[in-house]
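Residue-level structural notes
What follows is the residue order along each chain.
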Amino acid sequence: MKILKIEFENINSLRGPQLIDFTDKPFSASSLFAITGPTGSGKSTILDVICLALFNHVPRLGKITKNEIIAKGAILTRNQKEAFAQVTYSCKSGNYASKWSISTNRNDNLRDYEMEIADLATDKLIDLKKSDVPAKNEALIGLNYNQFIKAVLLAQGEFAQFLKVNKAERGELLEKITGTGIYRELGKKAYEKNKEAGKEILQQQQEIEIIQKSMLNDEDHAEISKDYETQQAACEPLEKEIQRLSKFVDLKQEIKNQQENITKIASEKMQAEKSLKQFNENNGKNLSAHENLQEHAGDLRNWKQGKENEAEIAKEITEIEVKIGQNKQAFSRLLTEVSQLVKTEVSANDFEIKLNEFTAKIQQFEEERKEKGREYKKLMDEFKLKTADLPIDFSKNPDENIKQLQAIGNSASNHIKNYEAELSNFDLSDTGALKFQLKEQTEKTRAAQKANEKIDQADNELKRIASEKTNIEKQSEALPQQIKKIDTKVKFQQKDLENLQLQQKNQLLEARLEDLRHNLIDDEPCPLCGAKHHPFADHAPEIDNALEEKIGLLQKEFQANSSILAKIQANFENFQQQLKRLENEEQQWKATLEEKRAVFKTTFTDFDFASEKSWEQKIATLNEQIDVIEKWEKEQKQLQIAQNTIPDQQKAQELLRDAFKLKAEQENLYKGDDIGDKNRLYHRQFTTLQQEKKSLDEQLENLKIRLQKLASELSNLEQELSSVLKEKGYETLQQALENLLPERDYLQLREQREKLQQKLDQLTTSFNLLQKQLEEKQKLDIEETSAELQEQLGKKRQELNEINETCKGLYRQLENQKENLQKLEKIRAGIAEKEQKIKRWRLLNELIGDATGRKFNEFAQDLTLTQLIALANKRLADLSDRYVIDKPLDEEDDGLVAIDEHMGGQRRSVKTLSGGETFILSLSMALALSDLASKNVEINSLFIDEGFGTLDPETLDQTLDTLEKLQAESSKTIGIISHVDSLKERIATQVMLSRNGQGYSSITIKG
């Protein structure tokens, strides 16, 4: 993996767009470069940009969210509305560009961040959600975020600390640096798994003990089994006796129920006989009369229906005759109305011909008038379009429009004369070219004005700088004398304080001896000399407490004066830096002023330096001239339009006159609504009345035929029925109809009679059957009463229940014993199975497990440390041939050991090394970690942060030689972040960061 390009905008103090292209010069010529700049200028921000664009993480802040940016004021540059970070990199799969961005909405509220990744081979975005982009970069690069910041971004501070700490702390640091905390978790998991498995077995063993305590011994179990069998044998005769008594009790109850049912059915049978008798009294006569006429019922009903139909047809004939008369009157009215319209007599034969001729004549007048109207509208629409740019109030009256056009033409002619007088110095034959010439002159004047303003700006800046320099010189003039005075005072106070502290130290030593004197006891040995006689144990001198107060006061004065001295020195240095900055700015502005003046004289030879007012007057004059030309063009256009549109309005006048003449001729013949609609209306009425007359005539003829046929059929039917009905005692057909029930009523009465008879038959059959069954049951009955049987049955059941309860208790004890034996067998089998399975956890716990995970973690970290030291020594051999890093022996200090090859292989604690030596070893460790983290991934970009300030010039040269060698051998791009001036001089390619007065930074590439 290699970083090819870093692009970003508005990240932290780096405002505006920034670009570092490692594929372009000077990086293409030298891939070892330095990132330099003052503290706070944004050197580490470049590393933040890389992590942000790839993983949405920043080493100092962690994962970045919108709320994180708002809460901490990080990432987005102050007062800016949007920011982005983009890294272009190459890997095994190809070249990719990963981008992170954020912006504000129109209410200046921060939106959520966005991420995307593009495949540069196809120049297309990969379709991913923003949350999936970090994982995609991880897959392409082959490193996750934690591995990336250890393999690509190397911080020296952690390794300088790592070299010197004891074994326990070194393990924690190594775990943090390498991200191998998984081994600690594995050790803890092994311990917990073993503990959990053992806990289950222990619980089951306790369960076995509880079950065994609740079980019966063999003697009790045998006795209970025997007792259970005895009780079971006593149950059988009791159950047989209870069954016999229950049978007789049930028989007596059945006899009682049977007698009650017989009584109930006898009552229902009497009620059924009564209901049937009552029905025959109420409906029997009507039913008999109807059933006597039943065979002629259909003919009688047909005769009745025929009479009703005959009356209905006669009624319809009368109504049709009335409608025929109404139709004749309506037809006469229609002919009269149409005759009046066409102003001639109209009959049924020539109705359509005369009406159509009149309609065609009226429609011809209307069509001619509409044609005139269309021509008029077309002329007026064209007039609107042609006069759209004229100040005219459009009227439908052409006379009014002609008057307005003549007025506009006269006004335009007058204005044209006035404008031509103002433009007498110009040739108006080509106004387009003239306006272009004047506009070009205006733009040139504006450019000269801006150049003049920049010269004025540079002059003003020089005046401001001179004023600031004067103020700073006045403020800093007295500071050197103040610094000298306070510095002398601080040095004297420091000397006095050291003397007083020495006195206090001696006094404390004496006080400890005096404390021992107070504790001496006769005949017991002194802890210092061993003597048992202590002649000076008493009368010890008192401690001088005033000395401590003097030291306290002097320390406060010393600290106060030191603080004042530091503050004044800082102010003086700040003033000097400001003066230096102002001098640089002054030189830059002087050069800018000279350059701007020279450019003005060369570029704008037709102009002189002038005030802002005179420039504006020149530009205003040119703009006024352009404005007058445009007004002249506008008036010319209006005059031409007015002259061209007057003939059209005159033609429109003629069309209106012709249309009014045609309208008058038409109204002499017809003044009504649309003649076509009236024509269609009269035709519809004529056709409708003719069709109606034909239909009514046909209906009348049909009804007369039906009436004649029906009368003949009714006469024949009456003759047939009369002779038959007389035999049955009926004089007329109407008399017979009155005795005939409606068919529905007859069916309902007949059904009701059949149901009553059926119910009576069923009750009679049931009564006879129940009587026979009762006699048979009474033969089986015994002499004892039901109460006596119930008493005997209750005693037997109570005796049986007592025996059953005893049996249940005994059975439960026997079943519990059986179940407990099965449980014991199952639990023991489970324990044996678990013991087999838990063997691996017990073995794993013995090897790596403990409650804190320390055992396996230390083992794993020791292997990692061995591998890391081996890789570090390979890197260290390039940096120095003096030292080899090694792990400490048992008898040595916990810290790592440096073997000094120049001193015969002497083993030294790394704590005894100088700052420069410590840096070389920690750099080796950092490079080794990069090798370790990227063992499966080729890393071709490294960034090393700080630490070079502790190196002497020779070691610094050697370190840089090694890094150059590493870069040359591996084609790596190596960036070094540092403040060291000699390093800046040694490395030609630099990413230089500088800050302006507002606190913002910018990047300059030097090479």
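Residues numbered from 1 in each chain as written. Predicted model: local features only at pLDDT ≥ 70, side-chain atom pairs only at ≥ 80, totals over all residues. Heavy atoms only, no water.

1. What about the overall build of the protein chain?
Cut-off, in case you're wondering: Helix and strand definitions here come from DSSP, where helices need a minimum of 4 consecutive H or I residues and strands a minimum of 2 consecutive E residues; each element is numbered from the N-terminal end. With a 1.4 Å probe rolled over the protein chains alone, any residue whose accessible area is under 20% of its type maximum counts as buried; one over 50% counts as exposed, and the rest are partly exposed. Contacts between residues were defined by any pair of non-hydrogen atoms, one from each residue, lying within 4.5 Å. We get accessible surface area from the Shrake-Rupley algorithm with a probe of 1.4 Å; when it comes to residues, only the shown protein chains can shield them.
For the protein chain, the helix and strand inventory stands at 23 helices and 17 strands. Here the protein chain holds 1007 residues, and 36% of them are scored as buried. Considering only intrachain contacts with a sequence separation of at least 6, the fraction spanning at least 24 residues in the protein chain is 71%. Accessible surface, the protein chain as shown: approximately 62500 Å² in total, 48% of it carbon and sulfur.

2. Digging into a positive patch on the surface
This is how the line gets drawn: What goes into a patch is any residue over 30% in relative accessible area without a salt bridge, connected to like charges within 9 Å or, for nonpolar side chains (Val, Leu, Ile, Met, Phe, Trp, Tyr), within 5 Å. By salt bridge we mean one thing: a side-chain nitrogen of Lys or Arg within 4 Å of a carboxyl oxygen of Asp or Glu. Positive: Lys, Arg. Negative: Asp, Glu. His and the chain ends are not part of the count. The atoms used to mark charge sites are NZ of Lys, CZ of Arg, CG of Asp and CD of Glu.
There is a patch of like positive charges on the surface, built from Arg446, Lys450, Lys454 and Lys596. Looking at the secondary structure, you find lysine 454 in helix H12 (residues 431-476). Overall, the relative accessible area of 44% leaves lysine 454 in the partly exposed class.

3. Concerning the packing of aromatic side chains
As a reminder, the rule being used: Each pair of aromatic rings taken from Phe, Tyr and Trp, with Trp reduced to its six-membered ring, is defined by centres within 6.5 Å and is described as stacked if the planes are under 30 degrees apart, edge-to-face if over 60, and tilted in the remaining cases.
Inspection of the entire model under this criterion finds 12 aromatic pairs. Measuring from ring centre to ring centre gives 6.4 Å for tryptophan 100 and tyrosine 113, while their planes differ by 15°; the resulting arrangement is stacked. With tryptophan 100 in strand E7 (residues 94-103) and tyrosine 113 in the loop between E7 and strand E8 (114-119), this pair connects stretches of sequence that are 13 residues apart. Of the two residues examined, tryptophan 100 and tyrosine 113, each falls in the buried class. With centroids separated by 4.4 Å and ring planes inclined at 5°, the aromatic side chains of phenylalanine 351 and phenylalanine 686 adopt a geometry described as stacked. Separated by 335 residues along the polypeptide, phenylalanine 351 in helix H10 (residues 351-386) and phenylalanine 686 in helix H16 (residues 675-727) bring together distant segments of the chain. Here phenylalanine 351 falls in the buried class, since its relative accessible area comes to 0%. Following the ring pairs from residue to residue traces out a cluster consisting of Phe22, Phe27, Phe33 and Phe943.

4. Focus: the state of the cysteines
We apply this condition: Two cysteine sulfur atoms form a disulfide, by the criterion used here, when they sit within 2.5 Å.
Tallied over the entire structure, the rule returns 0 disulfides. Of all cysteine sulfurs, the one in cysteine 807 lies closest to cysteine 235, which takes part in no disulfide; the gap is 4.7 Å. You can call cysteine 235 buried: its relative accessible area is 4%. Overall, cysteine 807 belongs to the buried group, its relative accessible area being 4%.

5. Quick notes on the sheet that holds strand E11 (residues 883-886)
To be explicit about the condition: Any two strands between which DSSP finds at least two bridges are classified as paired. Every axis in this analysis is a line fitted to C-alpha atoms, fitted for helices over the stretch in contact. Angles between the N-to-C directions lie between 0 and 180 degrees.
Judged by pairing direction, the sheet is antiparallel, and its 3 strands sit side by side in the order E11-E12-E13 without closing on themselves. The open sheet terminates on both sides in strands that have one partner only, identified here as E11 and strand E13 (906-909). Neighbour-to-neighbour, the strand axes of this sheet turn through a mean angle of 35°, independent of strand direction. Bridge analysis of strand E12 (residues 897-900) against E13 gives 4 bridges, and the strand direction is antiparallel. Within E13, the position partnered with valine 897 by the bridge is serine 909.

6. Things to note about a negative patch on the surface
Judged by side-chain charge, Asp218, Glu219, Asp220, Glu223 and Asp227 come together as a negatively charged surface patch. By secondary structure assignment, the location of glutamate 223 is in helix H8 (residues 218-293).

7. A closer look at the side chain of arginine 908
Threshold: Nitrogen and oxygen atoms within 3.5 Å of one another constitute a polar contact, given that in protein one can donate a hydrogen and the other can accept it, and given that sequence-neighbouring residues count only through two side-chain atoms.
Looking at the secondary structure, you find arginine 908 in strand E13. Within polar-contact distance, the side chain of arginine 908 engages the side chain of tyrosine 883 at 3.1 Å. Those residues in contact with arginine 908, other than ones at most four positions away along the chain, are Arg882, Tyr883, Leu896, Val897, Ala898, Asp900 and Leu913.

8. Topic: the pairing of strand E6 (residues 82-91)
For E6, the tally of buried residues reaches 9 of 10 residues, placing the bulk of the element in the interior. Pairing geometry for strand E1 (residues 2-11) and E6, over 7 bridges, is antiparallel. In the strand pairing of E6, glutamate 9 is matched with phenylalanine 84. As judged from the 10 bridges shared by E6 and E7, these two strands associate in the antiparallel manner.

9. Examining the nonpolar core
To keep things clear, this is the line we draw: Among buried residues, the Ala, Val, Leu, Ile, Met, Phe, Trp, Tyr and Cys ones that are joined through side-chain atoms within 4.5 Å form a nonpolar core.
Core analysis: the biggest nonpolar cluster contains 82 residues, and Tyr89, Phe148 and Phe943 have the highest contact counts within it. Within the second largest apolar cluster, 20 residues are counted, among which are Trp303, Leu714, Leu717 and Ala736.

10. Topic: the packing of H12 against helix H14 (residues 546-603)
How we decide: These descriptions rest on fixed angle ranges, namely under 35 degrees for roughly parallel, over 145 for roughly antiparallel, 65 to 115 for roughly perpendicular, and the rest for oblique. Each crossing gets its handedness from the near helix: less than a right angle anticlockwise from the far helix is left-handed, clockwise is right-handed.
It is at 9 Å that the axes of H12 and H14 come closest, and there the two elements cross at 160°. The angle between H12 and H14 places the two elements in the roughly antiparallel class. Judged by the twist between their axes, the crossing of H12 over H14 is left-handed.

11. What to know about the pairing of strand E16 (residues 990-995)
In the sheet, strand E3 (residues 32-36) pairs with E16 via 3 bridges, with the strands oriented parallel. Residue pairing across strands places alanine 34 opposite glutamine 990, the latter belonging to E16. Bridge analysis of E16 against strand E17 (residues 1001-1006) gives 6 bridges, and the strand direction is antiparallel. Among the inter-strand pairings, valine 991 is bridged to a residue of E17, identified as isoleucine 1005.

12. Observations regarding helix H19 (residues 786-848)
Quick note on the threshold: How far a helix is expected to stretch is found by multiplying one less than its residue total by 1.5 Å. The quantity called bend is, for any residue, the angle between two axes fitted respectively to the seven residues ending at it and the seven beginning at it.
The first and last C-alpha atoms of H19 sit 87 Å apart over 63 residues, in line with the 93 Å expected at 1.5 Å per residue. Of all the bends in H19, the greatest measures close to 40° and is centred on isoleucine 838.

13. Considerations on the environment of leucine 579
Summarising the element assignment, leucine 579 is placed in helix H14. You can call leucine 579 buried: its relative accessible area is 11%. Leaving out residues up to four positions away in the same chain, leucine 579 has contacts with Lys469, Ile472 and Glu473.

14. With respect to unusual backbone geometry
Cis geometry is adopted by the peptide bond preceding proline 26, which originates at lysine 25 and carries an omega value of 5°. Examined against the element boundaries, proline 26 turns out to sit in the loop between strand E2 (14-21) and E3. With a phi close to 55°, asparagine 10 is a non-glycine residue in the positive phi region. Residue aspartate 123 is not a glycine yet carries a positive backbone phi of 60°. Relative to the helices and strands, aspartate 123 resides in the loop between E8 and strand E9 (124-125). Given a relative accessible area of 64%, aspartate 123 falls into the exposed group.

15. A short note on H16
Here H16 contains 53 residues, and its C-alpha end-to-end distance of 79 Å stays within 8% of the 78 Å for a straight helix at 1.5 Å per residue. The residue sitting at the N-terminus of H16 and contributing the capping side-chain oxygen is aspartate 674; that oxygen lies 3.1 Å from the backbone nitrogen of glycine 676.

16. Section: the side chain of serine 246
Tracing the sequence through the fold places serine 246 in helix H8. With relative accessibility at 15%, the residue serine 246 sits in the buried group. Polar contacts involving the side chain of serine 246 include one to the main-chain carbonyl oxygen of isoleucine 242, which spans 2.8 Å.

17. Some thoughts on the environment of isoleucine 313
Locating isoleucine 313 in the fold gives a position in helix H9 (residues 297-342). Residue isoleucine 313 is classed as buried on the basis of its relative accessible area of 5%. For isoleucine 313, the residues in contact, after removing those within four places along its chain, are Leu703, Arg706, Leu707 and Leu710.

18. Observations regarding the environment of glutamine 792
Within the secondary structure, glutamine 792 is located in helix H19. Judged by its relative accessible area of 35%, glutamine 792 is partly exposed. A C-alpha to C-alpha distance of 8.7 Å links glutamine 792 and isoleucine 242, two positions 550 residues apart in sequence.

19. Section: the packing of H8 against helix H18 (residues 743-780)
H18 packs onto H8 with a crossing angle of 155° between their chain directions and a minimal axis gap of 7 Å. If you check the angle between H8 and H18, you find them roughly antiparallel. H8 and H18 meet at a crossing whose hand is left-handed.

20. So, the pattern of salt bridges
One pass over the structure, following the stated rule, counts 28 salt bridges. One salt bridge in this structure joins lysine 81 and aspartate 108, with 2.5 Å as the shortest N-O distance. With lysine 81 in the loop between helix H2 (66-72) and E6 and aspartate 108 in the loop between E7 and E8, the pair connects residues that are 27 residues apart, well separated along the chain. Judged by relative accessible area, which is 48%, aspartate 108 ranks as partly exposed. A salt bridge links glutamate 273 to lysine 269, with the nearest nitrogen and oxygen atoms 3.2 Å apart. One end of the pair, glutamate 273, and the other, lysine 269, are both in helix H8, 4 residues apart, so they sit about a helical turn from each other. Sharing partners across several salt bridges, the network here consists of Glu461, Arg464, Glu468, Arg581 and Glu585.

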